[in-house]
Every structure is written in structure tokens, then in C-alpha cells.
Amino acid sequence: MRALLSRAPGGPETLEIGDLPDPVAGAGEVLVSVRACAINYPDVLVIEDKYQFKPPRPFAPGGEFSGVVEAVGEGVTAFKPGDRVMGNTGMGGLVERLVAKADNIYPIPDERSFEEGASMLLTYGTTIHALVDRGHIKAGDNLLVLGAAGGVGLAAVELGKAFGARVVGAVSSEEKAQAVRDAGADDVIIYGRAPFSKDESKALAEQFKEKGGREGFQLVYDAVGGDYAEPALRSIGWEGRYLVIGFPAGIPKLPLNLTLLKSCDVCGVFWGAFAAREPERNRGNIRQLFDLWQQGKIAPRVTEVFPFERGGEAIAKMAARGAIGKLVVRVAE
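Not measured: the values here are computed from a predicted model.

**Describing the nonpolar core**
Logical step 1: Membership of the largest hydrophobic core comes to 47 residues, with the highest contact counts inside it found for L159, V180, Y221 and L243.
Logical step 2: Among the elements of the structure, β3 (29-39), α3 (121-134), β8 (142-146), α4 (151-162), β9 (166-171), α5 (174-182), β11 (217-222) and α10 (279-294) are those that each provide at least two residues to this core.
Logical step 3: Looking at this core element by element, the count peaks at six residues for α4.
Logical step 4: If you count residues domain by domain, this core takes at least three from each of domain 1 (2-119 + 300-330) and domain 2 (123-271).
Logical step 5: With residues up to four places along the chain from it excluded, the contact list for V180 reads A148, A149, L154, V157, G169, V171, A185 and V188.

Listed below in C-alpha cells is the structure:
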């Protein structure tokens, strides 16, 4: 079968179409003919050997997929050949066929496309875990979302509103700001491009503080990191929760005296590990996401679809931080 392969560490230009052996479903597994695969920031890191995990090469990046069930392994009763499904595989989604555990896939609602199905689980799964399990969000909270126009950022805007929060999205351009407004944000901040001088960092902190109001932000959802982190932390309110999602702008160093002065928490969010350690809690979160999806309160925004042969271009656009919403590779029609 064809796959978009990483054979050596490097950028998206090093990826190439190649062949891998056809997989076979074992007990408790499902063989899926892949139709679409969404691109996320971990795909940028893993091909450069900068991610938490380093899969043996050659491997295909791509963590979120959708497709059609071709075959089921022994003991699988929830799915049958021909079913439209979506799932999260961590890695290996940019292939024509893959095997997934039956417990890790879900039916695609009839009215949803393969592209939408491939765009749901990782971004919204990460975000509901962040806001609910780690952030203990409640109605009336002030929520600041950094990188609000990306896949996880828009998910945070939508879920924040669904849970009754006031949401302020922070982005780097007016085009991205409009996407965040369209997703339901109450207010928007447009910030400059890092790195920041000391004065620029202070000015950004004042921007955040102004939007946070007198009580500050109860929740900061940081999917950016780098020089944006400290100014955001300075705007957090008493006993606020700072949610660490990712670091496309670099891994920040936070002055811990601020956590003492604010009596706030800095909370790591590692959805993949949570899903593996607590599968039932995770499936409960996913069920809630499907309910919100059906109610129209959330919906993946697919902004660009790339053909399989140009999958590396999707990863390059993600690396350049130019993506708004979700970028998807169409593996097959």
C-alpha cells in the first residue's frame, strides 16, 4: 500500500510517497481504508525527531484519520465492513490502510464528511480534557486562548462558549481574528510576532490584563508557548489555571514567583497519555463532544484539503504557523 513516509529526520520536504506492507486486523482490531487524515503540530515535530516519541523509520506521520471499515478482527462486534469511521492513531495516518483498536474508533455521523470526521478527535479531545479535567471550567469563567485560530485554538473557543465562559482569543493577524470571532469569541487580541523585547513583553501583558478585567483570567489556554507565555501568565487571576497545550513558538521559562503571587496552577495537558491511562473517562469526554457536535455548538473548521501526493505541503503550512482551523490530506476519494 502507498504511504507518505519519513525515511530520515528533516522537514516536510523530506517526505516521499513509498510502499508499506498491507496491514491485517488482529483480535479486537479493525482494518480501515483511509479516506482523510488531518494534520496537527505534532506531525511537524515528529518528522524532525523533536517529539516526545521517535517512531522507527520509515514511518508515516498523521494522527487523526477517517475512512471505511474493510475488515474486522476476532471479537469485534461494534463495527462491520462498510462502516464510516473516524479515529486517532497517534501516528501513521497518512497511509492507504491502517489497523486500529476497535475501542479507539467511532462512527462518523451520516451528515458529516470524511474531512470533518478526520478533524474532530485530537483537537477537541485535547481541549475538552484541558478545560474540563485540568481546568475545571465553569460558567462565567474568563478564558484566554492563545493561538486561537488554529485547530486546538478554535476548539477551545467553541468549547469555552459551550461551557458558558467569556472567551478572549489571541491571534497574530486580522484574518485569524475574524475566524475567531466567527467561532463565537467575545473579544479578540491581535499580538505581534515574537521574539519580544522586555518592553514589548510588558506591553503584551498589559494588553492581556486589559482584556481580562479586574479579576483577570480564570483560565489561560496556551497552545503557543515561547515569549507569549509569561505575558499571559501575568494576566491570570487569583487561583487561575494555566493550561499548557503546546510550544510552536518555543518552550517558555516561566517566573515561578508569579504562581505564588497569583496562587495559580500551571497544568500540563497530555491528552494522548490521559486517553491511554483512563480510557473510560476519555470515552465519556468523546461522547460529550458528539452531543455538542449534534447540537451545533462545535464543528471542525476544515479550511484546506490537500491531495495525498502533496501531504508534505500541509505539514509545511502547519510548520509555518499559517494554518487557520484544520488542514486535511485527502488520501482517497
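**Re the domain arrangement of the protein chain**
Logical step 1: Partitioning the protein chain into structural domains gives domain 1 (2-119 + 300-330) and domain 2 (123-271).
Logical step 2: One C-alpha centre belongs to domain 1, the other to domain 2, and the line joining them spans 28 Å.
Logical step 3: Contacts between the two partners involve 14 residues from domain 1, matched on the other side by 16 residues from domain 2.
Logical step 4: Interface of domain 1 and domain 2: buried area, both sides summed, is about 1200 Å²; carbon and sulfur atoms make up 56% of it.

**Regarding the pattern of salt bridges**
Logical step 1: As enumerated under the stated definition, the model contains 22 salt bridges in all.
Logical step 2: Residue D187 is joined to K211 by a salt bridge in which the shortest nitrogen-to-oxygen separation is 3.1 Å. Taken as a pair, D187 in strand β10 (residues 187-190) and K211 in helix α6 (residues 198-212) lie far apart in primary sequence, 24 residues in all.
Logical step 3: For K211, a relative accessible area of 25% puts it in the partly exposed group.
Logical step 4: Salt-bridge contacts for K209 lead to E206; the nearest nitrogen and oxygen are separated by 3.8 Å. Linking K209 with E206, this pair stays in helix α6, spanning three residues, or about one helical turn.
Logical step 5: Its relative accessible area of 43% is what places E206 among the partly exposed residues.
Logical step 6: Linked by salt bridges that have partners in common, R2, E96 and E309 make up one network.

**As for the sheet that holds strand β13 (residues 265-268)**
Logical step 1: Within the open sheet, the six strands sit side by side as β10-β9-β8-β11-β12-β13. Their pairing is parallel. Edge positions in the sheet fall to β10 and β13, since each of these pairs with one other strand and no more. Taken pair by pair, the neighbouring strands of this sheet meet at an average axis angle of 20°, ignoring direction.
Logical step 2: Bridge analysis of strand β12 (residues 236-244) against β13 gives four bridges, and the strand direction is parallel. Looking across to β13, one finds that V244 is bridged to G268.
Logical step 3: Each of β8, β9, β10 and β11 is contacted by α6, which is oriented at about 175° to β10, the strand it contacts most.

**Quick notes on the environment of G18**
Logical step 1: Inspection of the secondary structure puts G18 in strand β2 (residues 16-19).
Logical step 2: Between the C-alpha atom of G18 and that of M1, which follows or precedes it by 17 residues, the distance is 8.2 Å.
Logical step 3: Contacts of G18, omitting those with residues within four sequence positions, involve M1, R2, A3, L5 and R7.

**Quick word on the UniProt feature "domain: Enoyl reductase (ER)" (unreviewed entry) in the protein chain**
Logical step 1: When the UniProt feature table is mapped onto this chain numbering, "domain: Enoyl reductase (ER)" (unreviewed entry) sits at residues 10-329.
Logical step 2: The annotated region residues 10-329 carries 33% helix and 25% strand content, and the separation between its end C-alpha atoms amounts to 20 Å.

**Side note on the packing of α3 against α10**
When two helices pack together, their arrangement is given by the angle between the helix axes and by the axis-to-axis distance.
Logical step 1: Running from N to C, α3 and α10 cross one another at 110°; their axes reach a closest spacing of 10 Å. Overall, the two elements α3 and α10 adopt an arrangement that is roughly perpendicular. Contacts between α3 and α10 involve L121, Y124, G125, I128, H129 and D133 on the former and, on the latter, R281, N285, I286, Q288 and L289.

**Some details on empty space enclosed by the protein**
Logical step 1: This structure, assessed with the given rule, holds one cavity of 30 Å³ or more.
Logical step 2: Reported here for the largest cavity is a volume of approximately 40 Å³.
Logical step 3: Lining the largest cavity, in full, are T123, Y124, G151, L154, A155, P300, R301, G325 and K326.
Logical step 4: Listing elements by their share of the lining of the largest cavity, those giving two or more residues are α3 and α4.
Logical step 5: In terms of residue count, α4 provides more of the lining of the largest cavity than any other element does, three residues in total.
Logical step 6: In the lining of the largest cavity, the residues fall into four nonpolar, three polar and two charged.
Logical step 7: Two domains each put at least three residues into the lining of the largest cavity: domain 1 (2-119 + 300-330) and domain 2 (123-271).

**A closer look at α10**
Logical step 1: Given a rise of 1.5 Å per residue, 16 residues ought to cover 22 Å, and the 22 Å separating the end C-alpha atoms of α10 matches this to within 8%.
Logical step 2: Within the sequence span of α10, burial applies to N282, N285, I286, L289, F290, L292 and W293. Down the axis of α10, the buried side of the element spans an arc of 160°, and every buried residue falls inside it. Across α10 from its buried face, at more than 90 degrees, point the exposed residues E280 and Q294.

Reading the values: rules and limits
Residues numbered from 1 in each chain as written. Predicted model: local features only at pLDDT ≥ 70, side-chain atom pairs only at ≥ 80, totals over all residues. Heavy atoms only, no water. Core = buried A, V, L, I, M, F, W, Y, C linked by side-chain atoms within 4.5 Å. Buried < 20%, exposed > 50% of the residue type's maximum accessible area, 1.4 Å probe, protein only. Helix = DSSP H or I, 4+ residues; strand = E, 2+ residues; numbered from the N terminus. Domains from an automatic or database assignment. Contact = heavy atoms within 4.5 Å. Buried area = accessible area lost by both parts, 1.4 Å probe. Salt bridge = Lys/Arg side-chain N within 4 Å of Asp/Glu carboxyl O. Pairing = 2+ DSSP bridges. Axes fitted to C-alpha atoms, helices over the stretch in contact; angles between N-to-C directions. UniProt positions renumbered as here; feature names shortened; annotations may be inferred. Parallel < 35°, antiparallel > 145°, perpendicular 65-115°, else oblique. 1 Å grid on protein atoms, 1.4 Å probe; cavity = no way out; pocket = protein on both sides within 12 Å on 5 of 7 lines; lining within 4 Å. Points joined across faces, edges and corners; volume = space filled by probe spheres on them. Nonpolar A, V, L, I, M, F, W, Y, C, P; charged D, E, K, R; others polar. Expected span 1.5 Å × (residues − 1). Arc of directions from axis to C-beta.

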